[in-house]
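Spelled out, the chains give:
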Amino acid sequence: LGGFHKFKKFGPSKLILPATFWNTPGNTELWISDGTTTGTIPIKTFGFVEELFANGGQVFFSGNDGTNGQELWRSDGTAAGTVLVKDAIVGIAGIAPKNFFSLGSTTSFFTSTDPNGNVSLWRTDGTSGGTSKIGNVDSYRAINNNIAFFTPSVEIAGQYFYQLWTSDGSEEGTQSIFQFDLGRVPVDLKPANGLVYFRLTNPAASTEEIWRSDGTPEGTFKITFDTPISNVQTAEMTYCNGNVIFPAANLVSNQELWKFASPLKSSQTISFAGIPTKTVGDPSFVVSATASSGLPVQLSSSDPLVASITGSTISILKQGITFIIARQPGDGMWQNAPIVYRKLTVIKKSNVITFSAIPTKSFGDAAFTLSASASSSLPVQFTSSDASIVNVSGVTATILKGGAVSLTATQAGNADFDTAIPVVQNIVIGKINQTITFGILPERNEKDPPVTLVALASSGLPITFSSSNPSVASVSGSTLTIGAPGTATISAKQTGNESYFPAPQVDRTITVNVVTGLEDPFSVGRVYPNPNPGQVYVEGISDLSSLVVRDQLGRLIPTTLERQDKGVYSFTLQAPPGLYFLSFQTAKGRLIEKLVKY
């Protein structure tokens, strides 16, 4: 080892320290020691380590691991707990943190100097997200009554102004309290007798002023002397016997000792109770904050758009979070009191939906109106979980088919009212009945050609047919094929769907008659003309006693059979165009013939 240097106490009984290597130039190891041989061990190797600073159970330091440049690191004394806090400048460059100081155990501050020599002040809580640059500074800090003072340079409309900032270590307690004129630079901050003093330079005029601050805007002002002074050594200021003493020069003498009175002041505190959560629309209310000195406390709001304050009366304006800030700047006998912050949370007003019950609905019912209201009086929107069952447009719900569906009422709220909890109504669109129309089936003769079965469901859904005796009459789809002589029952069915119940089955009996070649009167006779315009003639049928005419649905068509000459008959078919079945009754039996009318 080349040697250990810049020890830093870590915890109650350990040291953390960097060590260099003579035989390996450019390498530095970070070690930890409890004062024993076995308890002195290396943690991690760096290219360079400096500026060790202990705070809150960990050590911050400026380290270069050869990859990320000289950046901010922290260590809990273990290898796993030694980590890069933030790679502020990506690459081999780095911000080279130094001049660490802290307020409490959670917030640390440090400075960084860029290649142009500009010094900036940074804040860190040990996390990457909690590490940020505050601004450029000349006099980077002074600590008084656990309040840090620093002077960043802030860009405003393209020009840089120096400001005086204070911090109690918290984010909400870090703020600007005073902005200096353009070109004026505060330097050499020095705490003395409960106040902070500093020089304010004017490079353009080569003049200097001494200022003081108690951490409040009204307590920050210039100290007036009888003659202008220069070459002020604020860094050498000291408090002695009620006076602040410092070296300075004026127009008639070289640097001399100067003084001004700084009477001792008593400390004071502010008592300020927490503020309960408020709701938009709540009435204005009064808060009470008192100082132990008996001096009046000044109240302000960090966000006047959320809540404004006049005197001690707070007015709620909108939803959000603001901090009510209590200050007491002191006077000739009292120091300024530590600032107290009280969080005020303003929430939106509640928003409740009342959704009127929906009566029982069935398929085929008319469109209906949805009714709901919100306690906010804002309009309510409706949606359907299945638009194929119930479609919703605005407040109108249209039933499209049967089934289960959820109708939801929502209200999104606005700046004053919270989003309402959605209200859901689950409904079932019920099925309805249907019927089948299926006409009487006329008798058929064996060997007759297939016929088409016709039946209609009131739902418009398709009909299925079946036969009780396929050997007599078989069914395929809607086609009936005639088989052997006998009887069969033809059934018409409709099983329903999500909107319709099954229809009552309708049965029709069909009779198939025996026909032989010897008995077929049409082997020597005929029906003509066929197709036919309306006047029908029948000849060559002996023993014809009656005629029955039916349409395809089995409906009876009234006719009158007239004898013309021997063996010739005629009748007028007064019916619309279509297929008709002629049933002739003779002494030998019943015979069937098809006739097409046009």
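Every value quoted in this text rests on a predicted model; they were computed, and no experiment measured them.

Undergrad: Would you take a moment to explain the overall build of the protein chain for this structure?
TA: Across its full length, the protein chain carries zero helices and 61 strands. Counting over 598 residues, the protein chain shows a buried share of 42%. Pairs at least 24 residues apart make up 45% of the contacts formed inside the protein chain by residues separated by at least 6 positions. Here the protein chain has roughly 29600 Å² of accessible surface; of this, 53% comes from carbon and sulfur atoms.

Undergrad: Whenever I open this one, the environment of Thr383 confuses me. Can you help?
TA: Residue placement: Thr383 occurs in strand β40 (residues 381–384). Looking at Thr383, the relative accessible area reads 42%, which means it is partly exposed. Along the chain, Thr383 and Leu407 lie 24 residues apart, while their C-alpha atoms are 5.8 Å from each other.

Undergrad: Before we go on, may I ask you to explain unusual backbone geometry in this structure?
TA: Trans peptide bonds make up most of the peptide bonds, and negative phi angles are found at most residues other than glycine. Tyr528 connects to Pro529 through a cis peptide bond whose omega is -20°. Inspection of the secondary structure assignment puts Pro529 in the loop between β54 (526–528) and β55 (535–539). The phi dihedral of Ala96 falls on the positive side, at around 50°, and the residue is not glycine. Here Ala96 lies in the loop between β9 (83–86) and β10 (98–103). Its identity as a non-glycine residue notwithstanding, Ser377 has a phi of 70°, on the positive side. For Ser377, the position within the fold is in the loop between β39 (372–374) and β40.

Undergrad: Which parts of the structure should I look at to understand the sheet that holds β54?
TA: Hydrogen bonds between backbone atoms are what pair the strands of a sheet, whose relative direction is either parallel or antiparallel. The strand order β54-β55-β59-β58 describes an open sheet built from four strands, whose pairing is antiparallel. Strand pairing shows two members of the sheet lacking a second neighbour, β54 and β58 (562–563), which therefore form its edges. With three bridges connecting them, β54 and β55 associate as antiparallel partners. Along β55, the bridge assignment pairs Val527 with Val538.

Undergrad: Please clarify how the nonpolar core should be interpreted in this entry.
TA: Note that soluble globular proteins tend to have their nonpolar side chains buried in a common cluster. If you look at the biggest cluster of nonpolar residues, it comprises 22 residues, and the most contacted ones within it are Leu370, Val390 and Leu407. Among the elements of the structure, β36 (353–355), β41 (390–393), β42 (396–399), β43 (403–410) and β44 (423–430) are those that each provide at least two residues to this core. Considering each element in turn, this core owes the most residues, three residues, to β43. Apart from the residues within four sequence positions on either side, Leu407 is in contact with Phe355, Ile358, Phe368, Leu370, Thr383, Ser384, Val390, Val392, Val423, Val424, Gln425 and Ile427.

Undergrad: Where do I start with the pattern of salt bridges in this structure?
TA: Should their charged atoms come close, side chains of opposite charge can pair. This model, assessed by the stated rule, comprises five salt bridges. With a shortest N-O distance of 3.1 Å, Glu209 and Arg184 are connected by a salt bridge. Note that Glu209 is positioned in strand β21 (residues 207–213) and Arg184 in the loop between β18 (175–179) and β19 (185–192), a separation of 25 residues in sequence. Like Arg184, Glu209 is buried. As a salt-bridge pair, Asp214 and Arg212 come within 3.8 Å of each other at their nearest N and O atoms. Exposure class is identical for Asp214 and Arg212. Each is buried. If you follow the salt bridges from partner to partner, you end up with Arg184, Glu209 and Lys222 in one network.

Undergrad: Even after reading the chapter, I still don't get the layout of surface pockets, so can you show me in this structure?
TA: Leftover empty space is mapped by rolling, across the atoms, a probe with the size of a water molecule. A volume near 160 Å³ is recorded for the second largest pocket. Considering the residues around the second largest pocket, the lining is formed by Ile89, Gly94, Ile95, Ser112, Thr113, Asp114, Pro115, Asn118, Ser120, Trp122, Lys133 and Asn136. Secondary structure elements with two or more residues in the lining of the second largest pocket: β11 (107–113), β12 (119–124) and β13 (132–137). Classifying every residue of the lining of the second largest pocket by side-chain character gives four nonpolar, six polar and two charged.

Undergrad: Even after reading the chapter, I still don't get the packing of aromatic side chains, so can you show me in this structure?
TA: Enumeration over the complete set of coordinates arrives at 18 aromatic pairs. Judged by centre distance (5.4 Å) and plane angle (50°), the rings of Phe355 and Phe382 are tilted. Linking Phe355 in strand β36 with Phe382 in strand β40, this pair joins segments that are 27 residues apart in sequence. Phe382 matches Phe355 in its accessibility class, with the two residues each being buried. Taking the ring centre of Phe46 as reference, the NZ or CZ of Lys44 above it sits at 5.7 Å. Of note, Lys278 hangs over the ring of Phe285, and the distance from its end group to the ring centre comes to 4.3 Å.

Undergrad: Explain the sheet that holds strand β29 (residues 285–286) to me, please; I cannot follow it from the model alone.
TA: In spatial order, the strands read β29-β33-β32; together these three strands make up an open sheet with antiparallel pairing. Edge strands, defined here as strands with exactly one partner in the open sheet, are β29 and β32 (307–310). Summarising the sheet, β32 and strand β33 (residues 313–316) pair through four bridges and their orientation is antiparallel. Among the inter-strand pairings, Thr310 is bridged to a residue of β33, identified as Thr313.

Undergrad: Explanation requested: the pairing of strand β35 (residues 340–347) in the structure shown.
TA: Remark: a regular strand shows side chains that alternate across the two faces of the sheet. Bridging between strand β28 (residues 278–279) and β35 involves two bridges; their strand directions are parallel. Residue pairing for β35: Thr279 is matched across the bridge by Ile347. Pairing of strand β34 (residues 320–327) with β35 involves seven bridges; the strand directions are antiparallel. Residue Ile324 lies in a different strand from β35, and its bridge partner there is Arg342.

Undergrad: Would you mind showing me how to read the side chain of Asn351 here?
TA: One can find Asn351 in the loop between β35 and β36. A residue is classified by how much of its surface remains accessible, and Asn351, at 6% relative accessible area, is buried. A polar atom in the side chain of Asn351 sits 2.8 Å from the side chain of Gln411. One polar contact links the side chain of Asn351 to the main-chain carbonyl oxygen of Asp418, over a distance of 3.1 Å. Apart from the residues within four sequence positions on either side, Asn351 is in contact with Ala374, Ser375, Ser376, Gln411, Gly413, Phe417, Asp418, Ala420 and Ile421.

Thresholds applied
Residues numbered from 1 in each chain as written. Predicted model: local features only at pLDDT ≥ 70, side-chain atom pairs only at ≥ 80, totals over all residues. Heavy atoms only, no water. Helix = DSSP H or I, 4+ residues; strand = E, 2+ residues; numbered from the N terminus. Buried < 20%, exposed > 50% of the residue type's maximum accessible area, 1.4 Å probe, protein only. Contact = heavy atoms within 4.5 Å. Areas by Shrake-Rupley, 256 points an atom, 1.4 Å probe, with all protein chains shown as cover. Pairing = 2+ DSSP bridges. Core = buried A, V, L, I, M, F, W, Y, C linked by side-chain atoms within 4.5 Å. Salt bridge = Lys/Arg side-chain N within 4 Å of Asp/Glu carboxyl O. 1 Å grid on protein atoms, 1.4 Å probe; cavity = no way out; pocket = protein on both sides within 12 Å on 5 of 7 lines; lining within 4 Å. Points joined across faces, edges and corners; volume = space filled by probe spheres on them. Nonpolar A, V, L, I, M, F, W, Y, C, P; charged D, E, K, R; others polar. Phe/Tyr/Trp six-rings, centres within 6.5 Å; stacked < 30°, edge-to-face > 60°. Lys NZ or Arg CZ within 6 Å of the ring centre and 35° of its normal. Polar contact = N/O pair within 3.5 Å; in protein donor to acceptor, adjacent residues only side chain to side chain.

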